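Listed below are the residues making up each chain.
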Amino acid sequence: VYRESVLRPAVDRYIQSQIRTNRAVGELNHPSGPTVNYKEVSHKIESLEWDGNNIIGRAKILDTPNGKLVKALLD
C-alpha cells in the first residue's frame, strides 16, 4: 500500500509515458521486475483514471498466446 503522495505522481507519469503513447501492456502473471517481457504479453492497458483514492483501469485482451488463455478463462 502506497501513500497517495507517492502513488499519484507515479500513476500520472505512467499515463503520460505509456498509456497515451499506446505502449502500456501487461503480462498474464506479474513480472518479476519492472520490464515487460513482450513474449508474455496478454493485454494492453487502455486507460487509468482516479476515482477518489482508487484507480480504475480498462484493458483490452490481446490476440497473443497469453491473451488467448485469458479469453478462455473468462469464457
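Provided above is the structure to which this section pertains.
In this report, we go over the structure that sits alongside the text. All figures in this text were calculated on a predicted structure; none of them were measured in a lab. (Residues numbered from 1 in each chain as written. Predicted model: local features only at pLDDT ≥ 70, side-chain atom pairs only at ≥ 80, totals over all residues. Heavy atoms only, no water.)

### Structural notes on the pattern of salt bridges
Evaluated as defined, the whole model comprises two salt bridges. Between E4 and R8 there is a salt bridge whose closest N-O contact spans 2.8 Å. Residue E4 and its partner R8 are located together in helix 1 (residues 4-19), separated by four residues, close to a single helical turn. Given a relative accessible area of 27%, R8 falls into the partly exposed group. (Salt bridge = Lys/Arg side-chain N within 4 Å of Asp/Glu carboxyl O. Helix = DSSP H or I, 4+ residues; strand = E, 2+ residues; numbered from the N terminus. Buried < 20%, exposed > 50% of the residue type's maximum accessible area, 1.4 Å probe, protein only.)

### Details of the side chain of S42
Its place among the elements puts S42 in strand 2 (residues 41-51). Among the polar contacts made by the side chain of S42, one reaches the main-chain amide nitrogen of L28 at a distance of 3.3 Å. Polar side-chain contacts of S42 include one of 2.9 Å to the side chain of H43. Setting aside anything within four residues of it in sequence, one finds S42 in contact with G26, E27, L28, K60, I61, L62, T64, N66, G67 and V70. (Polar contact = N/O pair within 3.5 Å; in protein donor to acceptor, adjacent residues only side chain to side chain. Contact = heavy atoms within 4.5 Å.)

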